[in-house]
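Remarks on the overall topology
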Amino acid sequence: MGETTQGSLTPESIRELQDRAVAEAASATATPADLEAVRVRYLGRKGLLREMYSQLGVVAPEQRPIIGQLLNAARQTIEQALQGRPAAPAAPSRPAFDFTLPGRKLPRGRLHPINDTIEAIKDIFKRLGFEVAFGPEVELDYYNFEALNIPADHPSRDSFDTFFLHDDVLLRSQTSTVQIRTMENRRPPIRVIAPGKVYRPDTVDATHGFLFHQLEGLVVDEGVTMADLKYVLHEFARGLYGPDVKMRFRPSFFPFTEPSVEVDVSCFVCGGKGCSVCKRAGWIEILGAGMVDPNVFRYVGYDSERYTGFAFGMGVERVLMRRHGINDMRLLLENDLRFLRQF
Ligand code: DAH
């Protein structure tokens, strides 16, 4: 006892073995097979550490607990060194990018049917020399009502008919506001259309919403007459519904036009014979229009002796619903792609 045949089981030799194993674990190229080889060489059943354990019996008894602890510590250190090198991100067995896969399809966006309809209407008016103008949706009472010659006791000024934010500030209930803003900002000749959102506290149903779209038009110049109005609106109707469409003007009233008309087109479904779309009338109302009231010119400082003009306004959803045969405008704002993708 006390003598070891190999004389190799000392704290130094254990330390040396441990260091070697840790170094090999660290420098292994880290494939699972490399690390496994290191493990087998040192920790395996016939490994170098196991061999040292087998020599414990020949160590002097008073040394045994110390050497035994050193061996256990060395085993733990080597195991940790091997675990600290996870073999997972090993050299990839296939390229990270597979060039043979088919490309990922990019979904193609499209215009919302409301914008698509506005674009179609704009195209027609642009060919007739119109520019596109815009105005704010949060608007002053002055532009929505007063300057449009809408008197203080007019029912549309009631809070049940308009969203008010403050006393004089509201959500515009018509795009006619842009008539005033355009005339304030420039001089005739004026030929603009103004598409945009308008708001009314209507109960939502198939044909009403608290938000919808209008498209306004305004022409002001010297010598503009009702004949110009009829020509432009007829061209518009032909552009939208085809060359054979007929038009009908009915006398009407709007505070900012005098005289005022409501304009119908012959039903583009039945051609005027009467069907469910035109409710057997043969005609479909598409817009309101008229000659600009001299009172409106007074608000913007135009000389109504020198200038005349006409204006018109239409509901975009109405045009759209007829165009695509949609009977419930709520569908347009639900953001349901199954619906929207049809256009
Ligand atoms: N602003 C009107 C409305 O919301 C529509 C309208 C009628 C506009 C006649 C016009 C017009 O420019 O001349 O009901």
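Let us look at the structure shown here. (Residues numbered from 1 in each chain as written. Predicted model: local features only at pLDDT ≥ 70, side-chain atom pairs only at ≥ 80, totals over all residues. Heavy atoms only, no water.)

1. A short note on the nonpolar core
Counting residues in hydrophobic clusters, the biggest one holds 46 residues, and the most contacted among them are F125, F236, L287, F312 and M314. No other element matches helix α8 (residues 226-241), which puts seven residues into this core. Those residues within four positions of F236 in sequence are excluded, and the remaining contacts are I121, I124, F125, I286, L287 and M314. By size, the runner-up hydrophobic cluster in this structure holds 23 residues, among which are A147, L148, M183 and A194. (Core = buried A, V, L, I, M, F, W, Y, C linked by side-chain atoms within 4.5 Å. Buried < 20%, exposed > 50% of the residue type's maximum accessible area, 1.4 Å probe, protein only. Helix = DSSP H or I, 4+ residues; strand = E, 2+ residues; numbered from the N terminus. Contact = heavy atoms within 4.5 Å.)

2. Let's talk about the side chain of S260
Positionally, S260 belongs in strand β7 (residues 257-266). For S260, a relative accessible area of 4% puts it in the buried group. Within the local environment of S260, its side chain forms a polar contact with the backbone nitrogen of F254, the two atoms lying 3.1 Å apart. The residues touching S260, leaving out its near neighbours within four places in the chain, are R250, P251, S252, F253, F254, A289 and G290. (Polar contact = N/O pair within 3.5 Å; in protein donor to acceptor, adjacent residues only side chain to side chain.)

3. Some details on the site of the ligand
Surveying the vicinity of the ligand reveals 15 residues, the closest of which are Q174, S176, R200, Q214 and E216. Here an oxygen atom of the ligand and a side-chain polar atom of R200 are 2.9 Å apart. A311 places a main-chain nitrogen or oxygen 3.1 Å from an oxygen atom of the ligand. When isolated, the ligand has an accessible area of 360 Å², and the protein chains bury 87% of it. Breaking the shell around the ligand down by element, the ones donating at least two residues are β5 (211-221), β8 (283-292) and β9 (308-315). In terms of residue class, the shell around the ligand is built from five nonpolar, eight polar and two charged. (Near = heavy atom within 4 Å. Areas by Shrake-Rupley, 256 points an atom, 1.4 Å probe, with all protein chains shown as cover. Nonpolar A, V, L, I, M, F, W, Y, C, P; charged D, E, K, R; others polar.)

4. Topic: unusual backbone geometry
Here P188 and P189 are connected by a cis peptide whose omega angle stands at 5°. Looking at where P189 falls in the secondary structure, it is placed in the loop between α7 (177-185) and β4 (190-199). Along the chain, E258 connects to P259 via a cis peptide bond; the corresponding omega equals -5°. If you trace the backbone, P259 turns up in strand β7.

5. Section: the pairing of β5
On a regular strand, each side chain points to the face opposite its neighbour's, so the side chains alternate between the two faces of the sheet. Counting buried positions along β5 yields ten of eleven residues, so the element is predominantly enclosed. With ten bridges connecting them, β4 and β5 associate as antiparallel partners. Within the sheet, the bridge partner assigned to R191 lies in β5 and is V219. Sheet topology note: the β5/β9 ladder contains eight bridges and is antiparallel. When the bridges of β9 are listed, L215 appears paired with M314. (Pairing = 2+ DSSP bridges.)

6. Things to note about helix α1 (residues 11-27)
For α1, with 17 residues, the first-to-last C-alpha span of 24 Å sits near the 24 Å given by 1.5 Å per residue. Looking at the buried positions of α1, the neighbouring elements they touch are α2 (32-43), α3 (48-54) and α4 (64-83). (Expected span 1.5 Å × (residues − 1).)

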